[in-house]
Amino acid sequence: MIKVAKFGGSSVANAEQFRKVKKIIESDSARRFVVSSACGKESNEDHKVTDLLFLCEAHVRFGVSYEPIFQQIEAKYQRIKDELGLKTDLKKEFDAIRSVMKRGMSTDYLVSRGEYLTSKLLAEYLDYDFIDAADVIAFRYDGEVDMERTQMLLEERMKERGIVIPGFYGALPNGVIRIMSRGGSDITGAIIANVVQADVYENWTDVSGFLVADPRIIENPMGIPCINYNELREMSYMGANVLHDDAIFPVKSRNIPINVRNTNDPDNPGTLIMADCSEADRINPPHCITGITGKRDFTVITLVKMHASAEVGFLRRILSVFEDYKVSVESVPTTVDTFSVIVATEQVGHCLYDIVGKLKETLKPDDLRIEDRLALIAVVGRAMKDQPGMSGRLLSEFGSHQINIKIINQSSDELSIVVGVHNRDFENAIRCIYDRFIKEEEVTK
Ligand code: ASP
């Protein structure tokens, strides 16, 4: 059994968290591959090391002394080292970074030092080998990770002992460090899980996996024990963010389950993300709905033109206007001669009137309407498929709570139903779905 265990910033925020990580690693000998983020916030007033490093880089760029911030970072690592009685030569490490900074360094190099230093300390503390991500995570010049090369490089360096690899960065073929997008350590963990063909990719964070709904809206919502990759994709696209979106691809291709776990509550089994949940579903039948998520603030641009649906290419011409302004389109509900285009309001804010002008000029609609303050709610569930009456029950629930539905969208795979309501009804709509489909089902179970 091989397990890759990735620890997020909050799991390595201070010496106390390091101790929890060690307990987790020691409790299961399969956890031989450890990937670490940079130290996260210790408290609300604290800052993530990665943020501080970005700030240092800005100081360098504007010619302002970065020393006060840099010393703050240094002090954090020193505290961890002292409290855990470690020997890593931090002075040497920080001197090396300072000298690169004086010579002129890339942002990626500087920002990657958070993961690098955290992993160095963690490796010593766990008594594992440290392997620098720059030596094994191989980027191509097009920014994609070269999996074959990564696998080869890792195999060359691996010995019998467990290893700690910093997340979030790798190197280009010429050795230059390249970082991933924010939260990228999740991707590193997934890449390592892929190349070592892990049985499970554990992602340790500060929540016990995915929740059915946002805890800011639903008090104490239930956790999701098992979710499939496609459901997860729908949930995270619509705002449920526990894991980096791109962390799915490397594990999906090898069918490796991801287990999101809580470093502060290691006995909680968390959420299992798998290609196929049917095995788990046989033991524990899922709710009709796996999760409810959503976002506020969408704008709907509606064009009406008689007989337009008979005009070949009409929809393409509408969409090409949005493409010209680099606005990504969320959804396009249509009826016979009415075409609505839904976009995130913040995306069109600066060019809405240009788009409207262009649509009028090129498509000559009979009417063009704009409506904003639309919220989209995605009701996601693998168990909804082939369940007659599911959408009917959902919609009647809205009706009985006086919530007006502006848009409904369901794809033919029946994995999710997306409902558009006014922003002001957003929370109420989520609450009524939760009460009807999760709470009630729990009671009757
Ligand atoms: N430290 C990086 C960030 O804060 C990457 C990570 O934590 O995954 O985004």
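Residues numbered from 1 in each chain as written. Predicted model: local features only at pLDDT ≥ 70, side-chain atom pairs only at ≥ 80, totals over all residues. Heavy atoms only, no water.

1. What to know about the site of the ligand
What counts, and what does not: Only heavy atoms are used to decide nearness, and a residue is near a molecule or strand if one of them lies within 4 Å of it. Each polar contact in these results corresponds to two N or O atoms within 3.5 Å; when the atoms are within protein, one needs to be able to donate a hydrogen and the other to accept it, and residues that are neighboring in sequence are counted only if both atoms are side-chain atoms. Accessible surface area values rest on a Shrake-Rupley calculation with a 1.4 Å probe, where residue burial reflects the displayed protein chains alone.
Every residue near the ligand is listed here: S37, K48, T50, E115, F168, R182, G183, G184 and S185. At 3.1 Å, a side-chain N or O of K48 approaches an oxygen atom of the ligand. Look at the ligand: alone it shows 270 Å² of surface, and the protein chains cover 94% of it.

2. Considering the packing of helix 1 (residues 15-26) against helix 3 (residues 67-84)
Note the following rule: Helix axes are fitted only over the stretch in contact, all axes being lines through C-alpha atoms; the angle between N-to-C directions runs from 0 to 180 degrees. Secondary structure counts use DSSP, requiring at least four H or I residues in a row for a helix and at least two E residues in a row for a strand, with both numbered from the N terminus. Comment on the angle field: the value is read as roughly parallel under 35 degrees, roughly antiparallel over 145, roughly perpendicular from 65 to 115, and oblique elsewhere. We call two residues contacting when some pair of their heavy atoms lies within 4.5 Å. Under the convention adopted here, Pro, Cys and the residues Ala, Val, Leu, Ile, Met, Phe, Trp and Tyr are nonpolar, Asp, Glu, Lys and Arg are charged, and Gly plus all remaining residues are polar.
Across the interface, helix 1 lies against helix 3 with an axial gap of 9 Å and an inter-helix angle of 55°. The orientation of helix 1 with respect to helix 3, classified from their angle, is oblique. On helix 3, the residues touching A15, F18 and R19 of helix 1 are I80, E83 and L84. Of the residues contributing to the contact of helix 1 with helix 3, the split by class is four nonpolar, no polar and two charged.

3. Things to note about the side chain of K3
The line we're drawing: Relative accessibility thresholds used throughout: buried, under 20% of the residue-type maximum; exposed, over 50%; partly exposed, between the two (1.4 Å probe, protein chains only).
Turning to its location among the elements, K3 is positioned in strand 1 (residues 3-7). Given a relative accessible area of 13%, K3 falls into the buried group.

4. Here we look at helix 14 (residues 352-363)
Going by this rule: Expected helix span is taken as 1.5 Å per residue step, with the number of steps being one fewer than the number of residues. The directions considered for the arc run from the helix axis to the C-beta atoms.
Over its 12 residues, helix 14 runs 16 Å from end to end, which matches the ideal 16 Å to within 8%, given 1.5 Å per residue. Along helix 14, the residues classified as buried are L352, I355, V356, L359 and L363. For helix 14, the arc enclosing every buried residue in end-on projection is 100°, short of the 170-degree limit, so these residues lie on one face. Where the residues of helix 14 are buried, they touch strand 11 (291-304), helix 12 (314-324), helix 13 (345-348) and strand 14 (367-380).

5. Focus: the environment of D28
If you trace the backbone, D28 turns up in the loop between helix 1 and strand 2 (31-36). Separated by 25 residues in the primary sequence, D28 and K3 have C-alpha atoms spaced 9.1 Å apart. For D28, the side chain forms a polar contact with the side chain of K3, separated by 2.6 Å.

6. Description of the sheet that holds strand 15 (residues 407-410)
Going by this rule: For two strands to be treated as a pair, DSSP must find no fewer than two bridges joining them.
Read across the open sheet, the six strands follow the order 12-13-11-14-16-15; overall the sheet is antiparallel. The outermost strands of the open sheet, each flanked by one partner alone, are strand 12 (329-331) and strand 15. In this sheet, neighbouring strand axes are inclined to one another by 35° on average, regardless of whether the strands run parallel or antiparallel. The sheet strands contacting helix 12 are strand 11, strand 12 and strand 13 (338-344), and the helix crosses strand 13 at an angle near 25°.

7. Concerning the packing of aromatic side chains
Inclusion rule: For Phe, Tyr and Trp, rings pair up if their centres lie within 6.5 Å, where Trp contributes its six-membered ring, and each pair is then called stacked (planes under 30 degrees apart), edge-to-face (over 60) or tilted (otherwise). For a lysine, the NZ atom is tested; for an arginine, the CZ atom; a charge sits over a ring if that atom is within 6 Å of the ring centre and within 35 degrees of the ring normal.
Overall, the coordinates contain seven aromatic pairs when judged by the stated rule. Judged by centre distance (5.5 Å) and plane angle (75°), the ring pair of F70 and F94 falls under edge-to-face. Placement of the pair is F70 in helix 3 and F94 in helix 4 (residues 90-103), with a sequence separation of 24 residues. Taking relative accessible area as the criterion, F94 reaches 1% and is therefore assigned buried. Residues Y116 and F130 carry aromatic rings whose centres are separated by 5.5 Å and whose planes lie at 90° to one another, so their mutual orientation is edge-to-face. Linking Y116 in helix 5 (residues 107-126) with F130 in strand 3 (residues 129-130), this pair joins segments that are 14 residues apart in sequence. Residue classification places Y116 among the buried positions, given a relative accessible area of 11%. Among the aromatic side chains, those forming a connected cluster through ring pairs are Y66, F70, Y77 and F94. The ring of F437 has R436 sitting right over it, with the charged end atom 5.5 Å from the ring centre.

8. Focus on the pairing of strand 14
Strand direction decides the pairing type here: strand 11 and strand 14, joined by 11 bridges, are antiparallel. Residue pairing for strand 14: K295 is matched across the bridge by L376. Both strand 14 and strand 16 (residues 416-422) contribute to a ladder of seven bridges, which runs antiparallel. Bridging from a neighbouring strand, I377 pairs with V419 of strand 16.

9. Some details on the side chain of N423
Tracing the chain through its elements places N423 in the loop between strand 16 and helix 16 (426-444). Relative accessible area serves as the criterion here: at 12%, N423 is assigned to the buried category. Apart from residues no more than four positions distant in its own chain, N423 is found in contact with R296, D297, R373, L374 and A375.

10. A short note on the pattern of salt bridges
Cut-off, in case you're wondering: Within this document, salt bridges are pairs made up of a side-chain nitrogen of Lys or Arg and a carboxyl oxygen of Asp or Glu, the two lying within 4 Å of each other.
With the rule as written, the count across this model stands at 29 salt bridges. E279 is paired through a salt bridge with R282; the nearest N and O atoms lie 2.8 Å apart. With E279 and R282 both in helix 11 (residues 278-283) and three residues apart, the pair spans about one turn of that helix. Connected through shared salt-bridge partners, K3, D28, R31, E202 and R261 make up one network.

11. Thoughts on empty space enclosed by the protein
Stated precisely, the cut-off is as follows: Whether a set of points on the 1 Å grid over the protein atoms alone is a cavity depends on a 1.4 Å probe fitting there but being unable to get out, while an open set qualifies as a pocket with protein on both sides within 12 Å along at least five of seven lines; lining residues are those with an atom within 4 Å of a point. Grid points are joined across faces, edges and corners, and a volume is the space filled by probe spheres set on the points.
By the definition in use, this model includes one cavity of 30 Å³ or more. Its boundaries defined by the atoms lining it, the largest cavity holds a volume of some 40 Å³. Along the walls of the largest cavity sit F210, L232, R233, S236, L243, H244, D245 and I248, which together make up its complete lining. No other element matches the three residues that helix 9 (residues 229-237) contributes to the lining of the largest cavity.

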